[in-house]
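Summary of the model geometry
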Amino acid sequence: EALSNSLAAADIATTMHPYTNLRQHEKTGPVVISRGDGIRVYDEHGKEYIEGLAGLWSVAVGFSEKRLADAAYQQMLKLPYYHTFSSKAHEPSIRLAEKLVEMTPENLTRVFFTSSGSEANDTIVKMMWFMNNALGRPKKKKFLARTKGYHGITVASGSLTGLPINHRDFDLPAIPVRHLTCPHFYRFGAEGEDEAAFTARLLAELESVIAEEGADTIAAFIGEPLIAAGGVLPPPAGYWEGVEKICRANDIVLIADEVICGFGRLGTPFGCQKYGFTPDIMTLSKQITSSYMPLAAVVFSEAIYQAIADNTATIGNFGHGFTASGHPVATAVGLENLAIIEERDLIGNAARLEASFQAGIRSFSDHPLVGEARGTGLIGAVELVADKATKRPFAKAGRAGAIANVIGHEEGLIFRSIGDQLALCPPMIATEDDVKEIMTRMARTLERLTGAVAQEGLE
Ligand code: PMP
């Protein structure tokens, strides 16, 4: 009997993802992925898929990198675990922290490790609150974020996330946060407005929210350089330069959530470099270890570090940390993974593949169901619509995306359906031939989708 059948019941409790429809899952069970090789994964029946989402936007080096397995094994033998409480440390965490400081923009000099992106963003919230207490400005605690931004799923990071599923169903936000207009011109640009006017409107909104709330109440602005999990939404030209300028003028800390953009996804080492801004804090995860081990990091400026360190003299230690903070096996794997990214020039590879990958994505613009085909570097998406001319979405939101997902599986291509947006983000070891094959499978998926959508009478 297939593992997926025997596992179906038990699996509910163990592998439930926030976006799993539980009743559907009970009926159909999971797709059990049992093996990986390069950019491909195989299910328990031996069916081959191209992992077109890099395993939830995570895996730079592919699914069969023995050097990472070996790094984990060697570290397990040497020192499988030690904590970082009370001034303890170990070599891999120190070396990885040094490496991150070396790789990230010059102004970022300090590192705090966590195990997940959500924990990292929760850590940033607490750092900002702690810092502003230290600086004698206890009112300066609010956050600015964006609709459709994704920053995690825990209570504080989920509050920063700007997706309705988070807010409606979980009584969030639970921390003071204002969500600004999503910087996606196709969906949020007004009728008759060009992209430059759209950028100007978003920046005017930011300034007016700051004026309304009072700059002395706002701690930080957080954003993904390119909003990824919200639908792969590149910002309009001039947006980030404008945001940075306004944050500086109002003494608001600028946080780049680089969990997906970081380590080359956009063809530059970090997403902020693609869009020409310099954050005070960066959140890193996923491709830091290619997700072979859970690990995330907050990398931040010396000024923030100094304010926090000073505060420990008056109100005690920075009382925050996790059992697995800077875990030696995870950080050892991270070091080896970053060495591989450098040796094989995978960031350069993403930059070189950008032309063919983006041309492939944009070739779907002509498809009758595709409203917008977009992306940058080695990440892209097509947005399905009921009416191309008016951009009208399907009344039954997400159904076309769900059908596309099923067809994609049959065609051997794993991508992510975000409602009716189909996101692609292949591992960074991909080749030109891989890009061609991904686009071929996507084209077949979209061809079959037209008939399937018509048959369901979706409108
Ligand atoms: N920030 C961004 C930009 C993310 O995409 C994610 C996860 N998709 C997170 C934070 C949260 O990371 P985690 O799932 O590891 O908690």
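Note that the coordinates shown come from a computational prediction; the quantities given were computed from them, not determined experimentally. (Residues numbered from 1 in each chain as written. Predicted model: local features only at pLDDT ≥ 70, side-chain atom pairs only at ≥ 80, totals over all residues.)

**Observations regarding the overall build of the protein chain**
Selection criterion: We count a stretch as a helix when DSSP gives it H or I for four or more residues in a row; a strand needs E for two or more, and each element gets its number in order from the N terminus. Atoms considered for the radius of gyration are the C-alpha atoms alone. The globule rule reads 2.2 Å times the number of residues to the power 0.38. Counting other C-beta atoms within 10 Å of each residue's C-beta, where C-beta atoms are placed from the backbone, gives the exposure class: buried for 20 or more, exposed for 12 or fewer, partly exposed between. By the criterion used throughout, residues are in contact when their C-beta atoms, derived from the backbone, lie within 7 Å.
Tallying secondary structure elements over the protein chain gives 17 helices and 15 strands in all. Rg of the C-alpha trace for the protein chain: 22 Å, near the compact-globule value of 23 Å for 459 residues, within the 12% margin. Its C-alpha atoms put the protein chain at 65 × 60 × 45 Å along the principal axes. By residue count, 48% of the 459 residues in the protein chain fall in the buried class. Put simply, 71% of the contacts in the protein chain that link residues at least 6 apart link residues at least 24 apart.

**Observations regarding the sheet that holds strand E4 (residues 108-114)**
We apply this condition: Note: two strands are recorded as paired if DSSP finds a minimum of 2 bridges between them. Axis definition: a line fitted to C-alpha atoms, limited for helices to the stretch in contact. Angles are taken between N-to-C directions and run from 0 to 180 degrees.
A sheet is described by the order of its strands in space; here seven strands give the open sequence E4-E10-E9-E8-E7-E5-E6, paired in mixed fashion. At either end of the open sheet lies a strand with only one pairing partner, and these are E4 and strand E6 (177-180). The average undirected angle you get between the axes of adjacent strands in this sheet is 20 degrees. Along the sheet, helix H6 (residues 117-134) makes contact with E4, strand E7 (218-223), strand E8 (253-257), strand E9 (281-284) and strand E10 (296-301), crossing E10 at roughly 30 degrees.

**Regarding the nonpolar core**
Inclusion rule: Remark: nonpolar core denotes a set of buried Ala, Val, Leu, Ile, Met, Phe, Trp, Tyr and Cys residues whose joining runs through C-beta atoms within 7 Å. Note that domain bounds follow an automatic or database assignment of domains.
Formed by 127 residues in total, the largest nonpolar core has its most connected members in Ala220, Phe221, Ala228, Ile255, Ala297, Val299 and Val333. Residue contributions to this core reach at least three from each of two domains, namely domain 1 (31-61 + 345-456) and domain 2 (68-343).

**Quick word on the confidence of the model for the protein chain**
To keep it simple, the criterion reads: Residue-level confidence of the predictor is what pLDDT reports, using numbers from 0 through 100.
Averaged over the protein chain, the pLDDT score is 93; the fraction of residues at 70 or greater is 95%. For the protein chain, per-element mean pLDDT is lowest for helix H1 (residues 3-15), which scores 49, and highest for E8, which scores 99. Ignoring residues within four places in sequence, the model shows residues 7-16, a span with pLDDT below 50, making eleven contacts including any to other chains. This complex was scored by the predictor with a pTM of 0.96 and an ipTM of 0.99.

**Some words on helix H4 (residues 66-78)**
The following threshold applies: One less than the number of residues in a helix, times 1.5 Å, gives the span that helix is expected to have. The directions from the helix axis to the C-beta atoms form the arc being described.
An ideal rise of 1.5 Å per residue puts 18 Å on 13 residues; H4 measures up with 18 Å between its terminal C-alpha atoms. The set of residues buried in H4 consists of Leu68, Ala71, Ala72 and Gln75. Seen end-on, H4 carries its buried residues on one side only, within an arc spanning 95 degrees. Away from the buried face of H4 by more than 90 degrees, exposed residues Lys66, Gln74 and Leu77 are located.

**Brief notes about helix H5 (residues 91-103)**
Look at H5: 18 Å from first C-alpha to last across 13 residues, which is about the 18 Å you get at 1.5 Å a residue. Within the span of H5, buried status applies to Pro92, Ser93, Leu96, Ala97 and Leu100. Angularly, the buried residues of H5 cover 130 degrees about the axis, an arc narrow enough to put them on a single face. Facing away from the buried side of H5, by more than 90 degrees, are the exposed residues Glu98 and Glu102. In the core, the buried residues of H5 are packed alongside H4, E4, E9, E10 and helix H14 (328-343).

**Things to note about the domain arrangement of the protein chain**
Just so we agree on the cut-off: All amino acids are sorted into three groups, where Ala, Val, Leu, Ile, Met, Phe, Trp, Tyr, Cys and Pro are nonpolar, Asp, Glu, Lys and Arg are charged, and the leftover types, Gly among them, are polar.
By domain assignment, the protein chain separates into domain 1 (31-61 + 345-456) and domain 2 (68-343). One C-alpha centre belongs to domain 1, the other to domain 2; they are set 27 Å apart. The partner domain 2 presents 22 residues to the 24 residues of domain 1 that form the contact. Of all the secondary structure elements, the ones that give two or more residues to the side of domain 1 that touches domain 2 are helix H3 (54-57), helix H15 (346-362), strand E11 (370-376), strand E12 (379-384) and strand E15 (421-424). In the side of domain 1 that touches domain 2, the residues fall into 14 nonpolar, seven polar and three charged.

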